[in-house]
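Chain residues, written in single-letter form:
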Amino acid sequence: MDNSKCLVSCVKAGLGYDNRAIIEDFDFDVYEGDYICVVGENGSGKSTLIKTILGLIKPVSGHVELHDTLKSGAIGYLPQQTQVQKHFPASVMEVVISGCLNSMKWRPLFGISEKKRALKNLDRMEILDLRNKCYGELSGGQQQRVLLARALCAAEKILVLDEPVTGLDPAAAAALYNILQRLNNEGMAIVMVTHDLKNIVNRAGKILHINEGGYFYGTVNGYMDSDYSKIFV
Amino acid sequence: MEEFIQMMSYPFIVRAFIVGILVSLCAALLGVSLVLKQYSMIGDGLSHVSYGALSIAAACGIAPLKLSIPVVIAAAFILLRMNENGVIKSDAAIAAMSASALAIGVTVTSFTTGMTTDVCSYMFGSILAMSQDDVVLSVVLSVVVLALFIFCYHSIFAVTFDESFARATGVKVPFYNTMISVLTAVTIVLGMQMMGAMLISSLVIFPALSSMRIFKSFKGVMISSGVLAVVCFCAGMIVSYNYSTPAGASVVLANLCVFIVFLGLQKLKTIIKVA
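The numbers attached to residues start from 1 for each chain and follow its sequence in the written order. Numbering of ligands from 1 and lettering of chains from A proceed in the order in which they are written. Owing to the predicted nature of the model, reporting of local features is limited to residues with pLDDT of at least 70; listing and counting of side-chain atom pairs is limited to 80 or more, with chain, interface and lining totals taken over all residues. Each side-chain value is worked out from all heavy atoms of the structure, with water and hydrogens disregarded.

All right, on to the overall build of chain A then. Helix and strand content of chain A: 8 helices and 9 strands. Within these notes, the globule rule equals 2.2 Å times the number of residues to the 0.38 power, and the radius of gyration is based on C-alpha atoms. For 233 residues, the compact-globule formula gives about 17 Å, and the C-alpha radius of gyration of chain A, at 18 Å, lands near that figure. If you line up chain A on its principal axes, its C-alpha atoms span 50 × 40 × 35 Å. Sorting the 233 residues of chain A into buried and exposed places 53% on the buried side. Residue contacts follow a heavy-atom distance rule, with two residues in contact if any of their heavy atoms lie within 4.5 Å. A fraction of 66% describes how many contacts in chain A between residues 6 or more apart in sequence connect residues 24 or more apart. Accessible area of chain A: about 10,800 Å², with a carbon and sulfur share of 50%. We count Lys and Arg on the positive side and Asp and Glu on the negative side, and we leave His and both chain ends out. We put the charge of a Lys on NZ, of an Arg on CZ, of an Asp on CG and of a Glu on CD. One finds the centroid of the 25 positive side-chain charges in chain A at a distance of 7 Å from the centroid of its 26 negative side-chain charges. Helix and strand definitions follow DSSP, with helices as H or I runs of at least four residues and strands as E runs of at least two, each counted in order from the N terminus. Here the term buried applies to any residue with accessible area under 20% of the maximum for its type, exposed to any over 50%, and partly exposed to those in between, with areas from a 1.4 Å probe on protein chains only. Method for areas: the Shrake-Rupley scheme with a 1.4 Å probe, in which residue coverage is limited to the protein chains shown.

Below you can see the structure in the form of structure tokens.
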């Protein structure tokens, strides 16, 4: 594949903290338009991988390269919701526009271009009518769409999601998957940590399964034939 | 009005007003972020640490602020970092630290002077305590706090709402957390001389708590907290002057009244919505 389309590339990387690698000899590439599900038991290193992709921690060995366009924090990130956020007094617009912070440099106020970007992404998530509502008063599924719109403000090419359907009812989860599918069809690369493999396996292009001491990375079909799939599917 | 002019003819009351208004404003702005991050008890914890430090300073004959400001900044630093390390839960850490600091303070005091008016006024505050230095320091503090909240408003919102996302988009989260801890510490040390160690935390919590009843946007909560803090402080002081009630307690009661009114308004709003 064309190297310029490679957004994230890990070569023989050791991922972990304080010089202790949790995952070793890790080769992993994300290309434009990929749809990757990351599965694995708790503590296997999924969060470490995400933090490394986001540039929050450095690999303890090997290389992790990000595409030039991603370097100024331009990765859309959907973290797990915290308890604090659920009743946070903020308008939807305030939350979404905070995704534009990485393009601000030292300007203290958002300009017209940031506002346009926020409105465009609210529209993309079909929640334009909620923009003046209080974030804390929305349903779980609506809150997740707001956070997704915020992530889209930060990035055009890649979204990293950390267990996005946790706590959502099945209908809201299905709606979220449909949105992600649409974004992926538009060319957005998606890297999603999930425990909900059963409902997503048909949509994902590739699976990354991290296990203690090893990992599998490949297509869904390859995954279903491997020993790794027996644990989760 | 005449009474007000008469009140302002005392230099110590003028000093108390200046320091009080500025400190209330700072405490309220910082308080919004602290309350939302579930650090409401931090004001209480830090004021006890400050009490301990002031007692030691009094016993050793050191200028009180010179010792207590660095000690309280260190304590604030430790407490706000607790969450990241997760060795001890932060609420337990605050409780443990405030009790220990109080115990140290009381013990040191009993060895030296005994409970003098000085030490007692640290507990419940005294508007006589404000010196010229306090006025200067509170002006500097409020300029720094206001500058931070005006120029870095969006980053502060991002850090308060979602630290992980803020980090990922390149906001310097440790810088903002450090600024908030240091400024909170200085606010507490300055404010507790007037409000007292037992009462200062209300300046941090009440304005944010009341504002959150009515306002549903971050900006609304921020502005309302600042305004409420200043209004409640002035109301408390005027009541205190006219009815000879303790100043710190009167300010807290003014805040409590506003909170009850706002709580009522919120209930009314939900009833109207349902009907």
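So that's the structure; there's more coming.
Attention now moves to the overall build of chain B. Helix and strand content of chain B: 13 helices and 0 strands. For chain B, the sequential pattern of α-helices and β-strands runs α-α-α-α-α-α-α-α-α-α-α-α-α. Each principal axis of the C-alpha distribution contributes one length, and for chain B these read about 60 × 50 × 30 Å. The burial tally for chain B puts 52% of its 275 residues in the buried class. Contacts in chain B between residues far apart in sequence, at least 24 positions, make up 77% of those at least 6 positions apart. Entry remark: accessible area of chain B is about 12,000 Å², with carbon and sulfur atoms responsible for 73%. Within chain B, the 10 negative side-chain charges are centred at a point lying 14 Å from the centre of the 13 positive side-chain charges.

Residue and element names in this part refer to chain A. Here we have 6 strands laid out as an open sheet, ordered β5-β6-β7-β3-β8-β9, and mixed in their pairing. The open sheet has two edge strands with one neighbour each: β5 (76-78) and β9 (214-219). Along the sheet, successive strands turn relative to each other by an average axial angle of 15°, direction set aside. Of the pairings in the sheet, the one linking strand β8 (residues 206-211) to β9 comprises 6 bridges and is antiparallel in character. Paired with Ile210 across the bridge in β9 is Tyr215. Interaxial angle, 0 to 180 degrees, is taken between N-to-C directions of lines fitted to C-alpha atoms, where a helix line uses only the stretch in contact. Docked against the sheet, helix α5 (residues 170-185) engages β3 (35-40), β6 (158-162) and β7 (189-193), running at close to 150° with respect to β7. Two strands are said to pair when DSSP picks up at least two bridges between them.

Attention shifts here to the packing of aromatic side chains. Within 6.5 Å between ring centres, the rings of Phe, Tyr and Trp (the latter by its six-membered ring) count as paired, and their orientation is classed by plane angle as stacked under 30 degrees, edge-to-face over 60, tilted in between. Under the criterion given, the structure shown has 17 aromatic pairs over all chains. Plain terms: the ring middles of Tyr135(A) and Phe161(B) are 5.2 Å apart, the flat faces sit at 80° to each other, and that makes the pair edge-to-face. Here the residue Tyr135(A) occupies a position in the loop between α3 (112-124) and α4 (140-154), and Phe161(B) occupies one in helix α8 (residues 153-161), the pair thus bridging two chains. There is no split in this pair, since Tyr135(A) and Phe161(B) are both buried. Arranged with centres 5.5 Å apart and planes meeting at 50°, the rings of Phe216(A) and Tyr223(A) form a pair that is tilted.

Looking now at the interface of chain A and chain B. Facing 28 residues of chain A, the contacting portion of chain B comprises 25 residues. Between chain A and chain B, roughly 2,300 Å² of surface is buried when both sides are summed, and carbon and sulfur atoms account for 70% of that area. Sorting the residues of chain A by area buried against chain B places Phe88(A), Pro89(A) and Leu101(A) first, and these three jointly supply 25% of that buried surface. Salt bridge, as applied in this entry: a Lys or Arg side-chain nitrogen positioned within 4 Å of an Asp or Glu carboxyl oxygen. At the boundary of chain A and chain B, one finds 2 salt bridges. With its nearest N and O atoms 2.8 Å apart, the salt bridge here joins Asp162(B) to Arg150(A). For the side of chain A that touches chain B, the secondary-structure elements that each account for two or more residues are α2 (92-97) and α4 of chain A. When residues of the side of chain A that touches chain B are assigned to their parent elements, the largest contribution, 4 residues, is made by α4(A). Of the residues in the side of chain A that touches chain B, the class split is 18 nonpolar, 7 polar and 3 charged. Summed over both partners, the accessible surface that disappears when two parts come together, traced with a 1.4 Å probe, is what is meant by buried area. We call Asp, Glu, Lys and Arg charged. Ala, Val, Leu, Ile, Met, Phe, Trp, Tyr, Cys and Pro are nonpolar, and the rest, Gly among them, are polar.

This part takes up the nonpolar core. In this structure, Leu148(A), Leu159(A), Leu180(A), Met192(A) and Phe218(B) are the most contacted members of the largest nonpolar core, which totals 130 residues. Sort the elements by how many residues they give to this core and helix α2 (residues 11-36) of chain B lands first, with 13 residues. Taken domain by domain, this core gets at least three of its residues from each of domain 1 (1-75 + 157-233) and domain 2 (83-154) of chain A. Remark: nonpolar core denotes a set of buried residues (Ala, Val, Leu, Ile, Met, Phe, Trp, Tyr, Cys) joined through side-chain atoms within 4.5 Å. Val30(A), Ile36(A), Ile50(A) and Ala189(A) belong to the second largest nonpolar core, which has 29 residues in total. For each domain, the first and last residues come from an automatic or database assignment.

All names here are of chain A. In total, this model carries 9 salt bridges over all chains according to the counting rule given. Asp27 is the partner of Lys12 in a salt bridge, and the nearest nitrogen-oxygen pair spans 3.9 Å. Here Lys12 is found in strand β1 (residues 6-17), whereas its partner Asp27 is found in strand β2 (residues 20-31), with 15 residues between them in sequence. Glu126 is the salt-bridge partner of Arg145, the closest N and O atoms lying 3.8 Å from each other. Of this pair, Arg145 sits in helix α4 while Glu126 is found in the loop between α3 and α4, placing the two residues 19 residues apart along the sequence. Shared partners join several salt bridges into a network, and the residues in it are Glu126, Arg145 and Arg182.

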